[in-house]
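For reference, the chains in residue letters:
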Amino acid sequence: MASRIYNFNPGPAALPLPVLEAAVEGFIDFKGSGMSVAEVSHRSALFEDVLNDAVTRTKRMLKLPDDFMVLFLQGGASLQFAMIPMNLIPPGTSADYINTGTWSTKAIKEAEILKKPHTVIASSKDRDFKYIPKDFSITPHAAYLHITSNNTIKGTQWQSFPEAGSVPLVSDMSSDIMSRVFDPKPFGLIYAGAQKNLGPAGVTLVIIRPDMLERVPDDIPTMLRYTTHSEKNSLYNTPPCVAIYLVQLVLKWLEETVGGVEAAERMNREKAGLLYKTIDQTGFYQGTADVDSRSLMNVTFRLPSEDLEKKFVAEAQKQGMGGLKGHRSVGGCRASLYNAVTLDAVRTLVSFMGDFEKKNG
Ligand SMILES: *Cc1c(COP(=O)(O)O)cnc(C)c1O
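Note that the structure is a prediction, hence the values are computed from the model and not measured.

### Concerning the site of the ligand
What surrounds the ligand is a group of 13 residues, the closest being Ser78, Thr152, Asp172, Gln195 and Lys196. The contact in question runs from a nitrogen atom of the ligand to an N or O atom on the side chain of Asp172, over 2.6 Å. Tallying contributions element by element places helix α3 (residues 76–88) first for the shell around the ligand, with four residues. Considering only residue class, the shell around the ligand consists of three nonpolar, eight polar and two charged.

Right under this line is the structure:
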(Lines give C-alpha, C1' and ligand atoms only; values in the text may rest on other atoms or scores of the structure.)
Protein backbone atom coordinates (compact mmCIF):
# COMPACT_ATOMS: atom_id res chain seq x y z
CA MET A 1 0.00 0.00 0.00
CA ALA A 2 1.43 3.36 -1.02
CA SER A 3 1.80 5.95 1.71
CA ARG A 4 -0.40 9.00 1.32
CA ILE A 5 -0.05 12.49 2.75
CA TYR A 6 -2.72 14.92 3.90
CA ASN A 7 -3.19 16.88 0.70
CA PHE A 8 -4.21 20.56 0.99
CA ASN A 9 -3.38 21.41 -2.63
CA PRO A 10 -5.55 24.05 -4.35
CA GLY A 11 -5.90 22.20 -7.68
CA PRO A 12 -5.26 19.64 -8.93
CA ALA A 13 -6.31 18.58 -5.48
CA ALA A 14 -7.04 15.68 -3.15
CA LEU A 15 -9.17 12.84 -4.48
CA PRO A 16 -10.89 10.28 -2.25
CA LEU A 17 -8.72 7.17 -1.76
CA PRO A 18 -11.59 4.73 -2.55
CA VAL A 19 -12.03 6.53 -5.88
CA LEU A 20 -8.36 6.16 -6.74
CA GLU A 21 -8.48 2.48 -5.82
CA ALA A 22 -11.53 1.87 -8.01
CA ALA A 23 -9.88 3.84 -10.82
CA VAL A 24 -6.78 1.64 -10.71
CA GLU A 25 -8.97 -1.36 -11.40
CA GLY A 26 -10.90 0.37 -14.19
CA PHE A 27 -7.67 1.56 -15.68
CA ILE A 28 -6.57 -2.04 -16.27
CA ASP A 29 -9.82 -3.92 -16.78
CA PHE A 30 -12.81 -1.62 -17.21
CA LYS A 31 -15.99 -3.38 -16.03
CA GLY A 32 -14.81 -6.79 -17.16
CA SER A 33 -14.21 -5.65 -20.75
CA GLY A 34 -10.59 -6.79 -20.62
CA MET A 35 -9.63 -3.25 -21.70
CA SER A 36 -8.64 -0.08 -19.88
CA VAL A 37 -11.17 2.75 -19.70
CA ALA A 38 -8.51 4.52 -21.78
CA GLU A 39 -8.86 1.86 -24.47
CA VAL A 40 -12.61 1.51 -24.97
CA SER A 41 -14.71 3.36 -27.52
CA HIS A 42 -16.37 6.50 -26.25
CA ARG A 43 -19.43 5.31 -28.16
CA SER A 44 -19.57 1.94 -26.41
CA ALA A 45 -22.47 1.25 -24.06
CA LEU A 46 -19.92 0.73 -21.28
CA PHE A 47 -18.63 4.27 -21.55
CA GLU A 48 -22.00 5.87 -22.24
CA ASP A 49 -23.25 4.36 -18.97
CA VAL A 50 -20.44 6.14 -17.14
CA LEU A 51 -21.22 9.46 -18.82
CA ASN A 52 -24.97 9.16 -18.23
CA ASP A 53 -24.45 8.15 -14.61
CA ALA A 54 -22.28 11.24 -14.06
CA VAL A 55 -25.02 13.42 -15.59
CA THR A 56 -27.79 11.79 -13.53
CA ARG A 57 -25.89 12.06 -10.26
CA THR A 58 -25.05 15.72 -10.94
CA LYS A 59 -28.71 16.50 -11.58
CA ARG A 60 -29.86 14.59 -8.51
CA MET A 61 -27.29 15.97 -6.09
CA LEU A 62 -27.66 19.59 -7.20
CA LYS A 63 -31.47 19.21 -7.47
CA LEU A 64 -31.38 20.60 -11.01
CA PRO A 65 -34.68 21.10 -12.80
CA ASP A 66 -35.18 18.25 -15.28
CA ASP A 67 -34.58 20.29 -18.40
CA PHE A 68 -31.16 21.65 -17.36
CA MET A 69 -28.38 20.16 -19.49
CA VAL A 70 -25.22 18.73 -17.92
CA LEU A 71 -22.21 18.76 -20.24
CA PHE A 72 -18.61 17.62 -19.96
CA LEU A 73 -16.33 19.83 -22.07
CA GLN A 74 -12.62 20.40 -22.56
CA GLY A 75 -10.50 23.53 -22.38
CA GLY A 76 -10.87 24.04 -18.63
CA ALA A 77 -12.81 26.74 -16.83
CA SER A 78 -10.56 29.13 -18.76
CA LEU A 79 -12.22 28.31 -22.10
CA GLN A 80 -15.61 29.02 -20.52
CA PHE A 81 -14.42 32.59 -19.88
CA ALA A 82 -14.57 33.03 -23.68
CA MET A 83 -17.43 30.65 -24.61
CA ILE A 84 -19.86 32.40 -22.27
CA PRO A 85 -19.68 35.88 -23.88
CA MET A 86 -19.44 34.31 -27.37
CA ASN A 87 -22.64 32.33 -26.88
CA LEU A 88 -24.74 34.23 -24.39
CA ILE A 89 -24.60 37.95 -25.29
CA PRO A 90 -26.98 38.38 -28.24
CA PRO A 91 -26.56 41.49 -30.44
CA GLY A 92 -27.96 44.60 -28.81
CA THR A 93 -27.52 43.29 -25.27
CA SER A 94 -24.79 43.60 -22.65
CA ALA A 95 -23.62 41.44 -19.74
CA ASP A 96 -22.80 42.37 -16.13
CA TYR A 97 -19.73 41.12 -14.28
CA ILE A 98 -18.61 41.35 -10.67
CA ASN A 99 -14.87 41.24 -10.17
CA THR A 100 -13.80 39.35 -7.03
CA GLY A 101 -10.27 38.27 -7.94
CA THR A 102 -7.86 36.71 -10.38
CA TRP A 103 -10.35 34.36 -12.05
CA SER A 104 -13.11 36.97 -12.41
CA THR A 105 -10.54 39.33 -13.90
CA LYS A 106 -9.62 36.70 -16.49
CA ALA A 107 -13.29 36.08 -17.30
CA ILE A 108 -13.83 39.82 -17.88
CA LYS A 109 -10.74 40.02 -20.07
CA GLU A 110 -12.20 37.50 -22.53
CA ALA A 111 -15.41 39.55 -22.94
CA GLU A 112 -13.11 42.51 -23.63
CA ILE A 113 -11.01 40.66 -26.23
CA LEU A 114 -14.19 39.55 -27.98
CA LYS A 115 -15.49 43.15 -27.90
CA LYS A 116 -18.73 41.93 -26.35
CA PRO A 117 -20.66 44.66 -24.53
CA HIS A 118 -20.27 44.26 -20.77
CA THR A 119 -20.18 46.28 -17.55
CA VAL A 120 -18.22 45.55 -14.40
CA ILE A 121 -20.90 46.57 -11.89
CA ALA A 122 -18.78 45.94 -8.78
CA SER A 123 -15.25 45.01 -7.80
CA SER A 124 -13.33 44.36 -4.61
CA LYS A 125 -10.01 45.29 -6.19
CA ASP A 126 -9.76 48.42 -4.01
CA ARG A 127 -8.85 46.18 -1.05
CA ASP A 128 -6.95 43.50 -2.88
CA PHE A 129 -10.06 41.30 -3.30
CA LYS A 130 -10.33 40.58 0.44
CA TYR A 131 -14.11 40.77 0.39
CA ILE A 132 -17.26 40.08 -1.63
CA PRO A 133 -18.98 43.33 -2.72
CA LYS A 134 -22.42 43.98 -1.24
CA ASP A 135 -23.47 47.23 -2.90
CA PHE A 136 -24.18 47.02 -6.60
CA SER A 137 -27.09 47.36 -8.93
CA ILE A 138 -27.66 44.90 -11.69
CA THR A 139 -28.38 46.39 -15.12
CA PRO A 140 -32.04 45.76 -16.01
CA HIS A 141 -32.25 43.23 -18.86
CA ALA A 142 -28.54 42.40 -18.69
CA ALA A 143 -27.75 39.30 -20.78
CA TYR A 144 -26.44 37.71 -17.57
CA LEU A 145 -24.61 38.49 -14.35
CA HIS A 146 -21.27 36.68 -14.08
CA ILE A 147 -19.83 35.93 -10.65
CA THR A 148 -17.08 33.69 -9.30
CA SER A 149 -18.75 31.84 -6.43
CA ASN A 150 -15.49 30.95 -4.66
CA ASN A 151 -12.22 32.80 -5.12
CA THR A 152 -9.65 30.04 -4.88
CA ILE A 153 -6.66 32.37 -4.67
CA LYS A 154 -7.99 35.12 -2.38
CA GLY A 155 -9.94 32.81 -0.05
CA THR A 156 -13.32 34.54 -0.36
CA GLN A 157 -16.72 33.08 -1.24
CA TRP A 158 -20.20 34.39 -1.94
CA GLN A 159 -22.14 33.44 1.23
CA SER A 160 -25.43 33.81 -0.65
CA PHE A 161 -25.99 34.60 -4.31
CA PRO A 162 -27.17 37.99 -5.64
CA GLU A 163 -30.89 38.45 -6.25
CA ALA A 164 -30.90 39.18 -9.95
CA GLY A 165 -34.60 38.89 -10.77
CA SER A 166 -35.00 37.91 -14.39
CA VAL A 167 -31.29 38.36 -15.18
CA PRO A 168 -29.73 34.87 -15.38
CA LEU A 169 -26.79 34.24 -13.08
CA VAL A 170 -23.68 32.74 -14.64
CA SER A 171 -21.16 31.39 -12.18
CA ASP A 172 -17.66 29.99 -12.14
CA MET A 173 -18.02 27.33 -9.41
CA SER A 174 -14.71 25.62 -10.16
CA SER A 175 -13.61 25.54 -6.55
CA ASP A 176 -16.89 25.06 -4.69
CA ILE A 177 -19.27 23.03 -6.83
CA MET A 178 -20.87 20.19 -4.79
CA SER A 179 -19.51 21.65 -1.55
CA ARG A 180 -22.73 23.31 -0.37
CA VAL A 181 -26.43 23.46 -1.10
CA PHE A 182 -27.82 26.24 -3.32
CA ASP A 183 -30.87 26.92 -5.46
CA PRO A 184 -29.90 26.32 -9.11
CA LYS A 185 -33.00 27.88 -10.69
CA PRO A 186 -31.68 31.48 -11.01
CA PHE A 187 -28.61 30.19 -12.89
CA GLY A 188 -28.48 30.27 -16.67
CA LEU A 189 -25.09 28.59 -16.66
CA ILE A 190 -22.72 27.09 -14.10
CA TYR A 191 -19.23 25.86 -14.93
CA ALA A 192 -16.46 24.16 -13.02
CA GLY A 193 -13.06 22.81 -13.97
CA ALA A 194 -13.05 19.33 -12.44
CA GLN A 195 -9.65 19.43 -10.76
CA LYS A 196 -10.74 21.09 -7.50
CA ASN A 197 -13.82 19.34 -6.21
CA LEU A 198 -14.84 16.84 -8.89
CA GLY A 199 -11.95 14.84 -10.26
CA PRO A 200 -8.76 15.23 -12.28
CA ALA A 201 -7.90 18.05 -14.70
CA GLY A 202 -8.96 17.63 -18.32
CA VAL A 203 -12.72 18.00 -18.10
CA THR A 204 -15.05 20.87 -17.24
CA LEU A 205 -18.59 20.50 -15.96
CA VAL A 206 -21.04 22.88 -17.67
CA ILE A 207 -24.65 23.10 -16.51
CA ILE A 208 -26.88 25.09 -18.84
CA ARG A 209 -30.52 26.11 -18.71
CA PRO A 210 -32.40 25.40 -21.95
CA ASP A 211 -33.40 29.04 -22.61
CA MET A 212 -29.69 29.91 -22.79
CA LEU A 213 -29.25 27.53 -25.72
CA GLU A 214 -31.69 29.61 -27.79
CA ARG A 215 -29.18 32.46 -27.75
CA VAL A 216 -26.32 30.53 -29.32
CA PRO A 217 -25.32 32.15 -32.63
CA ASP A 218 -24.26 29.98 -35.61
CA ASP A 219 -21.39 32.16 -36.74
CA ILE A 220 -18.97 30.78 -34.16
CA PRO A 221 -16.83 27.67 -34.56
CA THR A 222 -18.65 24.37 -34.03
CA MET A 223 -16.62 23.26 -31.01
CA LEU A 224 -17.26 26.59 -29.25
CA ARG A 225 -21.06 26.41 -29.49
CA TYR A 226 -22.93 25.03 -26.49
CA THR A 227 -25.60 23.58 -28.79
CA THR A 228 -23.02 21.35 -30.50
CA HIS A 229 -22.38 19.63 -27.20
CA SER A 230 -25.94 19.70 -25.82
CA GLU A 231 -27.31 18.08 -28.99
CA LYS A 232 -24.77 15.24 -28.80
CA ASN A 233 -24.75 14.57 -25.03
CA SER A 234 -21.09 15.73 -24.84
CA LEU A 235 -20.13 13.16 -27.51
CA TYR A 236 -19.75 15.40 -30.56
CA ASN A 237 -16.08 14.50 -30.60
CA THR A 238 -13.98 12.17 -28.46
CA PRO A 239 -14.40 13.26 -24.85
CA PRO A 240 -11.72 12.89 -22.15
CA CYS A 241 -12.95 9.42 -21.17
CA VAL A 242 -10.52 8.78 -18.32
CA ALA A 243 -11.24 12.14 -16.69
CA ILE A 244 -15.01 11.67 -17.02
CA TYR A 245 -14.68 8.19 -15.53
CA LEU A 246 -12.91 9.63 -12.48
CA VAL A 247 -15.54 12.34 -12.12
CA GLN A 248 -18.25 9.67 -12.21
CA LEU A 249 -16.47 7.74 -9.46
CA VAL A 250 -16.15 10.92 -7.35
CA LEU A 251 -19.86 11.70 -7.78
CA LYS A 252 -20.80 8.13 -6.84
CA TRP A 253 -18.58 8.40 -3.74
CA LEU A 254 -20.11 11.75 -2.83
CA GLU A 255 -23.64 10.47 -3.16
CA GLU A 256 -23.27 6.98 -1.69
CA THR A 257 -20.45 7.27 0.85
CA VAL A 258 -20.59 10.91 1.98
CA GLY A 259 -24.37 11.18 1.69
CA GLY A 260 -24.70 13.95 -0.91
CA VAL A 261 -24.18 17.68 -0.91
CA GLU A 262 -26.01 18.41 2.40
CA ALA A 263 -23.71 15.99 4.23
CA ALA A 264 -20.65 17.38 2.42
CA GLU A 265 -21.65 20.91 3.44
CA ARG A 266 -21.96 19.92 7.11
CA MET A 267 -18.50 18.38 7.00
CA ASN A 268 -17.05 21.35 5.10
CA ARG A 269 -18.45 23.81 7.67
CA GLU A 270 -16.95 21.77 10.48
CA LYS A 271 -13.54 21.60 8.77
CA ALA A 272 -13.37 25.31 7.93
CA GLY A 273 -14.73 26.19 11.39
CA LEU A 274 -11.90 24.31 13.09
CA LEU A 275 -9.28 26.04 11.00
CA TYR A 276 -10.68 29.58 11.29
CA LYS A 277 -11.03 29.09 15.05
CA THR A 278 -7.33 28.27 15.25
CA ILE A 279 -6.44 31.27 13.10
CA ASP A 280 -8.55 33.63 15.22
CA GLN A 281 -7.37 32.34 18.60
CA THR A 282 -4.29 34.57 18.92
CA GLY A 283 -2.59 37.13 16.71
CA PHE A 284 0.02 34.68 15.43
CA TYR A 285 -1.99 33.58 12.40
CA GLN A 286 -3.87 36.28 10.46
CA GLY A 287 -6.73 35.42 8.14
CA THR A 288 -6.46 37.46 4.93
CA ALA A 289 -10.15 37.57 3.91
CA ASP A 290 -12.80 39.69 5.65
CA VAL A 291 -14.65 37.49 8.15
CA ASP A 292 -18.02 37.90 6.42
CA SER A 293 -16.53 36.80 3.08
CA ARG A 294 -14.46 33.81 4.18
CA SER A 295 -14.32 30.74 1.99
CA LEU A 296 -15.16 27.26 3.28
CA MET A 297 -12.93 25.78 0.59
CA ASN A 298 -9.72 27.82 0.54
CA VAL A 299 -8.53 29.19 3.88
CA THR A 300 -5.87 31.86 3.37
CA PHE A 301 -3.68 33.13 6.20
CA ARG A 302 -0.39 34.79 7.02
CA LEU A 303 2.23 34.27 9.72
CA PRO A 304 4.24 37.08 11.37
CA SER A 305 7.00 36.92 8.70
CA GLU A 306 7.76 35.38 5.33
CA ASP A 307 10.55 33.37 6.92
CA LEU A 308 8.10 31.83 9.36
CA GLU A 309 5.71 31.10 6.49
CA LYS A 310 8.46 29.22 4.64
CA LYS A 311 9.34 27.31 7.78
CA PHE A 312 5.67 26.52 8.43
CA VAL A 313 5.15 25.08 4.95
CA ALA A 314 8.40 23.07 5.11
CA GLU A 315 7.73 21.62 8.57
CA ALA A 316 4.14 20.76 7.69
CA GLN A 317 5.42 18.94 4.62
CA LYS A 318 7.86 16.96 6.79
CA GLN A 319 4.97 15.94 9.00
CA GLY A 320 2.91 14.69 6.08
CA MET A 321 0.82 17.76 5.20
CA GLY A 322 1.31 19.11 1.67
CA GLY A 323 0.10 21.99 -0.49
CA LEU A 324 -0.04 24.72 2.17
CA LYS A 325 1.86 27.41 0.29
CA GLY A 326 -0.27 30.38 -0.82
CA HIS A 327 -0.69 31.23 -4.51
CA ARG A 328 2.48 32.76 -5.98
CA SER A 329 0.62 36.03 -6.66
CA VAL A 330 -0.36 36.60 -3.01
CA GLY A 331 2.14 34.68 -0.85
CA GLY A 332 1.28 33.50 2.65
CA CYS A 333 -0.37 30.16 3.32
CA ARG A 334 -3.51 28.50 2.07
CA ALA A 335 -5.22 25.28 3.08
CA SER A 336 -7.69 23.98 0.51
CA LEU A 337 -10.44 21.95 2.14
CA TYR A 338 -12.31 20.37 -0.77
CA ASN A 339 -14.78 17.51 -0.23
CA ALA A 340 -12.06 14.85 -0.39
CA VAL A 341 -10.06 16.46 2.44
CA THR A 342 -11.01 14.62 5.63
CA LEU A 343 -11.84 16.00 9.05
CA ASP A 344 -8.88 13.96 10.23
CA ALA A 345 -6.58 15.89 7.89
CA VAL A 346 -7.85 19.19 9.27
CA ARG A 347 -7.53 18.02 12.89
CA THR A 348 -3.93 17.07 12.18
CA LEU A 349 -3.25 20.47 10.61
CA VAL A 350 -4.84 22.38 13.47
CA SER A 351 -2.82 20.48 16.03
CA PHE A 352 0.37 21.14 14.03
CA MET A 353 -0.53 24.85 13.93
CA GLY A 354 -0.87 24.94 17.72
CA ASP A 355 2.54 23.31 18.18
CA PHE A 356 4.17 25.54 15.58
CA GLU A 357 2.85 28.65 17.29
CA LYS A 358 4.12 27.49 20.70
CA LYS A 359 7.60 26.96 19.30
CA ASN A 360 7.77 30.08 17.14
CA GLY A 361 5.29 32.57 18.64
C1 LIG B 1 -8.68 26.79 -11.00
C2 LIG B 1 -9.71 27.78 -11.37
C3 LIG B 1 -9.90 28.20 -12.70
C4 LIG B 1 -9.02 27.73 -13.83
O5 LIG B 1 -9.44 26.50 -14.25
P6 LIG B 1 -8.76 25.77 -15.52
O7 LIG B 1 -9.58 24.52 -15.57
O8 LIG B 1 -7.33 25.57 -15.18
O9 LIG B 1 -8.96 26.63 -16.70
C10 LIG B 1 -10.91 29.09 -12.96
N11 LIG B 1 -11.71 29.56 -11.99
C12 LIG B 1 -11.56 29.19 -10.69
C13 LIG B 1 -12.47 29.74 -9.65
C14 LIG B 1 -10.56 28.30 -10.36
O15 LIG B 1 -10.40 27.92 -9.07
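### Topic: the packing of helix α2 (residues 45–61) against helix α7 (residues 241–258)
Where α2 meets α7, the closest approach of the two axes is 9 Å, and the angle between their N-to-C directions is 40 degrees. Put simply, α2 runs oblique to α7. The chirality of how α2 crosses α7 is left-handed. Of the residues in α7, those touching α2 at Phe47, Val50, Leu51, Asp53, Ala54, Arg57, Thr58, Arg60 and Met61 are Cys241, Ile244, Tyr245, Gln248, Leu251, Lys252, Leu254, Glu255 and Glu256. Looking at the contact of α2 with α7, its residues break down into ten nonpolar, two polar and six charged.

### Examining the sheet that holds strand β5 (residues 145–148)
If you walk across this open sheet you meet the seven strands as β2-β10-β9-β8-β5-β3-β4, and the pairing is mixed. In this open sheet, the two edge strands, each paired with only one partner strand, are β2 (69–73) and β4 (118–123). For this sheet the average axis-to-axis angle between neighbouring strands, irrespective of direction, equals 20 degrees. Along the sheet, α3 contacts β2, β3 (95–99), β8 (169–172), β9 (187–193) and β10 (204–208); its crossing angle with β9, the most-contacted strand, is approximately 155 degrees.

### Some points on the domain arrangement of the protein chain
Along its sequence, the protein chain is carved into domain 1 (17–258) and domain 2 (260–360). Between the C-alpha centres of domain 1 and domain 2 there is a distance of 27 Å. With 28 residues of domain 1 at the contact, the number on the domain 2 side is 26 residues. Summing both sides of the interface, domain 1 and domain 2 together bury roughly 2,300 Å²; the carbon and sulfur share of this comes to 50%. Put simply, domain 1 and domain 2 have three salt bridges between them.

### A look at the pattern of salt bridges
Using the criterion set out here, one finds 15 salt bridges in the structure. For the salt bridge of Glu262 with Lys63, the shortest nitrogen-to-oxygen distance reads 2.9 Å. Highlighted residues: Glu262 in helix α8 (residues 260–281) and Lys63 in the loop between α2 and β2, separated in sequence by 199 residues. With its nearest N and O atoms 2.6 Å apart, the salt bridge here joins Asp292 to Lys134. One end of the pair, Asp292, is in the loop between β11 (286–287) and β12 (298–302); the other, Lys134, is in the loop between β4 and β5, with 158 residues separating them in the sequence. We classify Lys134 as exposed; its relative accessible area is 61%. Here the salt bridges do not stand alone but share partners, grouping Asp53, Arg57, Arg60, Lys252, Glu255 and Glu256 into one network.

Analysis parameters
Residues numbered from 1 in each chain as written. Predicted model: local features only at pLDDT ≥ 70, side-chain atom pairs only at ≥ 80, totals over all residues. Heavy atoms only, no water. Near = heavy atom within 4 Å. Polar contact = N/O pair within 3.5 Å; in protein donor to acceptor, adjacent residues only side chain to side chain. Helix = DSSP H or I, 4+ residues; strand = E, 2+ residues; numbered from the N terminus. Nonpolar A, V, L, I, M, F, W, Y, C, P; charged D, E, K, R; others polar. Axes fitted to C-alpha atoms, helices over the stretch in contact; angles between N-to-C directions. Parallel < 35°, antiparallel > 145°, perpendicular 65-115°, else oblique. Left-handed = near helix turned anticlockwise from the far one by under 90°. Contact = heavy atoms within 4.5 Å. Pairing = 2+ DSSP bridges. Domains from an automatic or database assignment. Buried area = accessible area lost by both parts, 1.4 Å probe. Salt bridge = Lys/Arg side-chain N within 4 Å of Asp/Glu carboxyl O. Buried < 20%, exposed > 50% of the residue type's maximum accessible area, 1.4 Å probe, protein only.

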